[in-house]
Amino acid sequence: MCGDLVNRGPENLETLRFLKSLGKRCVSVLGNHDLHLLAIAMGGHNLKRHDTIDDILDAPDRETLLKWLRKRPLLHYCPKLDTAMVHAGIPPIWDLSKALRRSAEVEAMLQSDEHLSFFADHMYGNLPAVWSKDLRGWPRLRMITNYFTRMRFCNAEGRLDLGTKSGPGTQPEGYAPWFEFPNQLGKTEVVFGHWAALMGETRHKRIHALDTGCVWGSALTCMDIESGERFSVDPD
Ligand SMILES: [Mn+2]
């Protein structure tokens, strides 16, 4: 699962219970809406008008479900398939091993008691806008989180434009979809979600966009990673 398991449609509680019940058969990476749910549950943020996650917040098993969600990775890599899975993308300034080390920094924090402080005070925000190896503490962890869970457009240096949310062509000069820049990923395939306006198209053979706009009433799509074959279902 490419993340955003919740808050993009109905039956959030059923979705989380089902995926958790799959145990190790389900590999899921964290999306910005999954993190938003955790922030609301930890008291770091108020519900927004369009949020649909009350069913989870009111559930008797909410703590078990939220703990399971909090332990998902930001970036998953399968060596056998040479495929990485992430919610938003991998910035062009990082190779795979750097990306994995940086996602591990955030994952270690999320799995420690420090997650309370992160969700309460430090997760939200668009700054820093660009990576520097000298970043430390919360700004560093927020920057890494924004790359993996919120990025759409960036420039060649990895500076994020988080303000533009529509499709390619609407971004400021010098910026492009993150996957348009030469990357350092070699033959590694990348599977991601997040960007519904792409409607599943990147025109790059190793970069696979799987969000096909289910949130807007279009299809929900999955892909057989070994064959590349896609399967879509229309919402009821
Ligand atoms: Mn998203």
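Scroll up to find the structure.
On a predicted model such as this, the values are computed, not experimentally measured, just so you know.

Draft legend 1. Up close: the sheet that holds strand S5 (residues 176–177). The three strands are arranged S4-S3-S5 in an open sheet whose pairing can be described as antiparallel. A strand with exactly one partner marks an edge of an open sheet, and here the two such strands are strand S4 (160–161) and S5. Pairing between strand S3 (residues 153–154) and S5: two bridges, direction antiparallel. Bridge pairing links Phe153 to Pro177 in S5.

Draft legend 2. Region of the structure containing the packing of helix H2 (residues 32–41) against helix H4 (residues 62–70). For the pair H2 and H4, the least separation of the axes is 10 Å and the interaxial angle reads 135°. Taken together, the axes of H2 and H4 lie oblique to each other. For H2 against H4, the interelement crossing comes out left-handed. The residues of H4 that touch H2, namely those facing Asp34, Leu37, Leu38 and Ala41, are Arg62, Leu66, Leu69 and Arg70. Its residues placed into classes, the contact of H2 with H4 shows five nonpolar, no polar and three charged.

Draft legend 3. How the structure looks around the environment of Lys67. Looking at the secondary structure, you find Lys67 in helix H4. Distance from Lys67 to Leu38, taken between C-alpha atoms, is 9.0 Å for residues 29 residues apart in sequence.

Draft legend 4. Molecular detail of the side chain of Ser103. Considering the arrangement of structural elements, one finds Ser103 in helix H5 (residues 96–110). Here Leu100 takes part through its backbone oxygen, which lies 3.1 Å from a polar atom of the side chain of Ser103. Those residues in contact with Ser103, other than ones at most four positions away along the chain, are Leu74, Leu75, Ile144 and Phe148.

Reading guide: rules and limits
Residues numbered from 1 in each chain as written. Predicted model: local features only at pLDDT ≥ 70, side-chain atom pairs only at ≥ 80, totals over all residues. Heavy atoms only, no water. Pairing = 2+ DSSP bridges. Helix = DSSP H or I, 4+ residues; strand = E, 2+ residues; numbered from the N terminus. Axes fitted to C-alpha atoms, helices over the stretch in contact; angles between N-to-C directions. Parallel < 35°, antiparallel > 145°, perpendicular 65-115°, else oblique. Left-handed = near helix turned anticlockwise from the far one by under 90°. Contact = heavy atoms within 4.5 Å. Nonpolar A, V, L, I, M, F, W, Y, C, P; charged D, E, K, R; others polar. Polar contact = N/O pair within 3.5 Å; in protein donor to acceptor, adjacent residues only side chain to side chain.

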